[in-house]
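Notes for the structure review
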Amino acid sequence: MNNLERRDNGKAYIVDEMVASEIIACRKLIQKLNNSDWADFEQISRIVKELLGSGEGAFINPPFFCDYGKHIEVGKNFFANYNCTIIDVAKVVFGDNCFLGPNVSIYTAGHPIYPTTRNSSYEFGKPVTIGDNVWIGGSVVICPGVNIGSNVVIGAGCVVTKDVPSWTIAAGNPCKVLRAITEDDKRKLFKDEIIDDEAWDIIVKEGFVK
């Protein structure tokens, strides 16, 4: 196998000219995105679509950083806030309605633990998957090989090293499940504060909750 094939099969690989050519192509798009008019939402949306190649309604607030772009798959209504970094050596797959707070970092890349083996410049990538309706708080770090289920909230500042099941709130360092999300959470806004009647009536009328 060549190094592109080795990379895409999760094996040890090295960044040679073939791999570097894909990184360079991505960096040109990243530069285009980050140097665009940040008030021109339509232009940003076009560049994001060109970069990711998927995702109806996807939007990213620049600056944004990734290695390949084409290894990132997003569902409908994907949103990433400022200063998001996705090291997409392996696939990073998002479901629908995923929101990323500012400074979120998702890493699929890894290096050998043993120092002289690591000095060989060989590395690897392990995929990250994230389900539907996931809110990832600001400054969260998601490590290689992690799977996050659907309908999950990840608290700000977490380092996520293990899988997170669906319908849970997880937080802390290392990130751990705090509790399940239940019907009692439907109208909660912040801590014990509930959504006011005016806003709640609109949410119900538009069919977001029943």
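**What about the side chain of S36?**
Among the secondary structure elements, S36 is positioned in the loop between α2 (17-34) and α3 (41-52). Using a relative accessible area of 10% as the deciding quantity, one classes S36 as buried. At a separation of 2.6 Å, a polar atom in the side chain of S36 contacts the main-chain carbonyl oxygen of L33. Other than its neighbours up to four places away in sequence, S36 contacts Q43, I44 and I47.

**As for the environment of A80**
Looking at where A80 falls in the secondary structure, it is placed in strand β4 (residues 79-80). A80 sits 28 residues away from T108 along the chain, and the two C-alpha atoms are 17 Å apart.

**Observations concerning the pattern of salt bridges**
A complete count under the given rule lists nine salt bridges for this structure. A salt bridge links R7 to D8, with the nearest nitrogen and oxygen atoms 2.8 Å apart. Since its relative accessible area comes to 2%, R7 is described here as buried. Between R179 and D185 there is a salt bridge, with the nearest N and O atoms lying 2.9 Å from each other. Residue classification places R179 among the partly exposed positions, given a relative accessible area of 36%. Overlapping salt bridges bring together R7, D8, E22 and K70 as one network.

Reading the values: the criteria
- Each residue is numbered by its place in its chain's sequence as written, counting from 1.
- Where totals are concerned, whole chains, interfaces and linings use all residues; where local detail is concerned, this predicted model gives features only for residues with pLDDT of at least 70, and gives and counts side-chain atom pairs only at 80 or more.
- By convention in this description, side-chain values take in all heavy atoms of the structure and omit both hydrogens and water.
- Numbered from the N terminus, helices here are DSSP runs of H or I no shorter than four residues, and strands are runs of E no shorter than two.
- Burial status follows relative accessibility: with a 1.4 Å probe on protein chains alone, a residue under 20% of its type maximum counts as buried, one over 50% as exposed, and anything between as partly exposed.
- A 3.5 Å cut-off defines polar contacts: any pair of N or O atoms within that distance qualifies, except that in protein one atom must be a possible hydrogen donor and the other a possible acceptor, and neighbouring residues in sequence count only when both atoms are side-chain atoms.
- In what follows, residue pairs with any heavy atoms lying within 4.5 Å of each other are defined as contacts.
- By definition, a salt bridge exists where a carboxyl oxygen of Asp or Glu is found within 4 Å of a side-chain nitrogen of Lys or Arg.

Take it as geometry only, folks, not as evidence of what the structure does.
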